[in-house]
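Structure at a glance
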Amino acid sequence: MLAAACIALACVFAAFGADVLAGDHRAMDERLRRWTVERRSPVGVAIADFISSVGATEVLVVLASLVGWLALRRGFAWLAILVVSAAVSSQYVGLLKRSYDIVRPPTGVAERVSLGFPSGHSSGAAAICVFLGYVVVRKRRVSVSVATSAGVGTVLLVGLSRIYLDYHWLSDVLGGWMVGTAIGVGACAVWEWIQRHQRDDARNPTPPPGATPTRS
């Protein structure tokens, strides 16, 4: 089920990316950018800059690891998958940026010369929050409503901060969310596979070498 959802999300992103290349979302991107830039304030920029800094994938994965450790207390499989999924998100987004070659919006906040689509911050936040939220819910450490609220809130704040700072178009952020969610769901599928095999091994332990099987 999770693997199928991951593939479906990848297909949705591919279709969305084709529309972005065709320029179908340019008018929407331009309108939102104008509306945002006209209402930007120094205080808002400072807040968005802080959120954006904390929402960087390399920072967020450390914070998520801390939260996960406090909630789960044991096991390292989830931690390894969390770190790997964040790294995969970062590297894969880099490849996608070069493939789509979408230029970022002009900005008065900071000079940005790298490519924009999809947003790396948005992808990393989605991948990390989807996976960590899934694990803590499955382990019954947090309720679904709390995990969903915290995860969705974090992902939205990170993505919207990138738009507010004029680092990304709306389509960049939407694309990043799609990629990150797909990676996060894929990470959940890997974690479930590991959990299933651990349960099977616990039910059917391997006898030590030389042991004589017993008959019931």
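Residues numbered from 1 in each chain as written. Predicted model: local features only at pLDDT ≥ 70, side-chain atom pairs only at ≥ 80, totals over all residues. Heavy atoms only, no water.

For the structure shown, the criterion picks out 6 aromatic pairs. Between Phe13 and Phe117, the aromatic rings sit 5.7 Å apart at their centres with planes inclined by 10 degrees, giving stacked as the arrangement. With Phe13 in helix H1 (residues 2-22) and Phe117 in the loop between helix H5 (77-100) and helix H6 (120-138), the pair connects residues that are 104 residues apart, well separated along the chain. If you follow Arg26 out to its NZ or CZ, it ends over the ring of Trp169, 4.5 Å from the centre. (Phe/Tyr/Trp six-rings, centres within 6.5 Å; stacked < 30°, edge-to-face > 60°. Helix = DSSP H or I, 4+ residues; strand = E, 2+ residues; numbered from the N terminus. Lys NZ or Arg CZ within 6 Å of the ring centre and 35° of its normal.)

All right, on to the pattern of salt bridges then. Under the defined criterion, the tally for this structure stands at 3 salt bridges. Between Asp166 and Arg33 there is a salt bridge; the shortest N-O distance is 2.8 Å. Of the two residues, Asp166 is situated in the loop between helix H7 (144-164) and helix H8 (170-203) and Arg33 in helix H2 (residues 26-38); the sequence distance between them amounts to 133 residues. Under the relative-accessibility criterion, Asp166 is labelled buried at 2%. (Salt bridge = Lys/Arg side-chain N within 4 Å of Asp/Glu carboxyl O. Buried < 20%, exposed > 50% of the residue type's maximum accessible area, 1.4 Å probe, protein only.)

Side chains three or four residues apart in an α-helix point the same way, a direct result of the helix having 3.6 residues per turn. With 16 residues, helix H4 (residues 57-72) extends 21 Å between its outermost C-alpha atoms, agreeing within 8% with the 22 Å of an ideal straight helix rising 1.5 Å per residue. Inspection of H4 places Thr57, Leu60, Val61, Ala64, Ser65, Gly68 and Leu72 among the buried residues, and these make up the whole buried set. All buried residues of H4 project into a common sector of 140 degrees when viewed along the axis, lining one side. The exposed residues of H4 that point more than 90 degrees off its buried face are Val62, Leu66 and Leu70. Buried-residue contacts for H4 involve helix H3 (42-54), H5, H6 and H7. Positive backbone phi, approximately 70 degrees, marks Arg73, located one or two places after H4. (Expected span 1.5 Å × (residues − 1). Arc of directions from axis to C-beta. Contact = heavy atoms within 4.5 Å.)

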